[in-house]
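Here is what each chain is made of, one letter per residue.
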Amino acid sequence: MAYRSELSLPEPLEPSAPLPHRKIIRSWLTPLAQRSTWRAFALIMLDYILFFGLMAAVVLVDAVWLKLLAALAAGFVIGRLFIIGHDGCHQSLTENRRLNKWLGRIAFLPSLTAYSLWDMGHNVVHHGFTNLKGVDFVWAPMTQDEYRAMSPMRRVAERIYRSGWGPGLYYAVEIWWAKMMFPSKKIMGNTYRPVFTRDCLLVSGFALLWIAALVGAAFATGQSAWLLVLLGFVVPMVFWFNMMGFVIYGHHTHVKVQWHNEKAAWQRAQPFVSTTVHLTFPFRIGAMMHHIMEHTAHHVDMSIPLYKLKETQKVLEQMLPGRIIIQRFSWKWYFDTARACKLYDFTRQCWTDFKGRATSELRSLVPPQAAEAAARPA
């Protein structure tokens, strides 16, 4: 209980006690929300040095397997840079708003993420309406009726996305390509702003320069341009898409995580605590991902900088015992979750398989006959 005495916190909440208002919970964390400009610069410089160093290794080492290892590592560093940009987008990187915007844009470049579009889709939609069906689009589960109404090809896509093997494809197709790269007017509706196009042009220009540099390096060193572009651009981007799809899947998909389709019920559920998962990893993997898997703390207070998330998560778990979903990662757990969390039944408030059979605890008092009818194929 070191943090309690250090931060002058009240006694931990009893599991049966009502959850305090979010403002009260955030007040517990205020002393940990201090941002450091020098630390932000140090983090972004370190990760860019790693990124360019790994790109140099892809070009300069001779063995193809070593080039491939460097390419995969570069994909991981793209993820690290993205997390820094994500903090900039939340204004939690430094105390200066304008500086946060520019550092965020710079950190987002290797992941080809348009800052303003991410700001709207993530900060406004996802954080504003986490796990509210029809608003939050990130890994939003389909109902059985929605699944039945899909075309055969769209059903195949949904099965791939939810198989455990498809998070990268999901992120690349459903989020990055559809919503982050020159999204259509149908997607944007009345929310379009000129800055969206400018940011898409910025990351597109970076991608062209990146590819051009690899082609130039290939000619300068007498190597195959196709091989260097494959290893220096395509492989890191594919790794990044899979890393990002996996991370956001793990953040909000669990048999204990609820989704809602009615705003009043969603508000009563206090979604900033009940809709996130704290995934823990061995070998300091969580630290290597800039602690983004301490995700409950991030949803409670987006102003907490990434280098304070571990401490903040500890405080929350001390103060709210039994309220936060903590899951030790294993591949068995991951694929068990993928098998269980296919569709969502909002009447019974449970996850189901593609046939409508409940795969998680039912949270509503639905009569057994009605539950059987809901699961019966049409």
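What counts and how
- Residues numbered from 1 in each chain as written.
- Predicted model: local features only at pLDDT ≥ 70, side-chain atom pairs only at ≥ 80, totals over all residues.
- Heavy atoms only, no water.
- Axes fitted to C-alpha atoms, helices over the stretch in contact; angles between N-to-C directions.
- Helix = DSSP H or I, 4+ residues; strand = E, 2+ residues; numbered from the N terminus.
- Parallel < 35°, antiparallel > 145°, perpendicular 65-115°, else oblique.
- Contact = heavy atoms within 4.5 Å.
- Nonpolar A, V, L, I, M, F, W, Y, C, P; charged D, E, K, R; others polar.
- Core = buried A, V, L, I, M, F, W, Y, C linked by side-chain atoms within 4.5 Å.
- Buried < 20%, exposed > 50% of the residue type's maximum accessible area, 1.4 Å probe, protein only.
- Patch = residues over 30% accessible without salt bridge, like charges linked within 9 Å, V, L, I, M, F, W, Y side chains within 5 Å.
- Areas by Shrake-Rupley, 256 points an atom, 1.4 Å probe, with all protein chains shown as cover.
- Salt bridge = Lys/Arg side-chain N within 4 Å of Asp/Glu carboxyl O.
- Phe/Tyr/Trp six-rings, centres within 6.5 Å; stacked < 30°, edge-to-face > 60°.
- Lys NZ or Arg CZ within 6 Å of the ring centre and 35° of its normal.

Chemist: With reference to specific residues and values, describe the packing of helix H4 (residues 64–89) against helix H6 (residues 115–126).
Modeler: Contact pair H4 / H6: the axes reach a minimum separation of 10 Å and the direction vectors enclose 75°. The angle between H4 and H6 places the two elements in the roughly perpendicular class. Packed against H4, whose contacting residues are Phe 82, His 86, Gly 88 and Cys 89, the element H6 presents Tyr 115, Trp 118, Asp 119, His 122 and Asn 123 at the interface. Among the residues making up the contact of H4 with H6, the classes are represented as four nonpolar, four polar and one charged.

Chemist: So what about the nonpolar core? Which residues, and what values?
Modeler: Grouped together as the largest cluster of nonpolar side chains are 107 residues, with contacts concentrated most on Tyr 171, Trp 210 and Leu 320. Filtering out sequence-adjacent residues up to four positions away, Leu 320 remains in contact with Leu 13, Leu 19, Ile 25, Trp 28 and Val 273. Ranked by size, the runner-up nonpolar core spans five residues in total, among them Tyr 147, Met 150, Leu 343 and Phe 354.

Chemist: Before we move on, could you go through a nonpolar patch on the surface and cite the residues and values that matter?
Modeler: A cluster of nonpolar side chains, Trp 65, Leu 66, Leu 68, Leu 69 and Leu 72, forms an exposed patch at the surface whose accessible area comes to about 460 Å². Take Leu 66: it is sitting in helix H4. Accessibility expressed as a relative area gives 35% for Leu 66, which makes it partly exposed.

Chemist: Run through the packing of aromatic side chains, naming residues and quoting values.
Modeler: Within this structure, the stated rule accounts for 35 aromatic pairs. Between Phe 51 and Phe 52, the ring centres sit 5.4 Å apart and the planes meet at 65°, which makes this aromatic pair edge-to-face. Ring centres of Phe 82 and Phe 108 lie 5.0 Å apart, and the angle between their planes is 25°; this geometry places the pair in the stacked category. One end of the pair, Phe 82, is in helix H4; the other, Phe 108, is in helix H5 (residues 97–108), and 26 residues separate them in sequence. Summarising the burial analysis for this pair, Phe 82 and Phe 108 share the class buried. Of the aromatic side chains, those joined through ring pairs into one cluster are Trp 139, Tyr 161, Trp 165, Tyr 170, Phe 246, Tyr 249, Phe 281, Phe 329, Trp 331, Trp 333, Tyr 334 and Phe 335. Over the ring of Trp 102 we find Arg 105; its NZ or CZ atom is 5.6 Å from the centre of that ring. Over the ring of Phe 137 we find Lys 179; its NZ or CZ atom is 4.9 Å from the centre of that ring.

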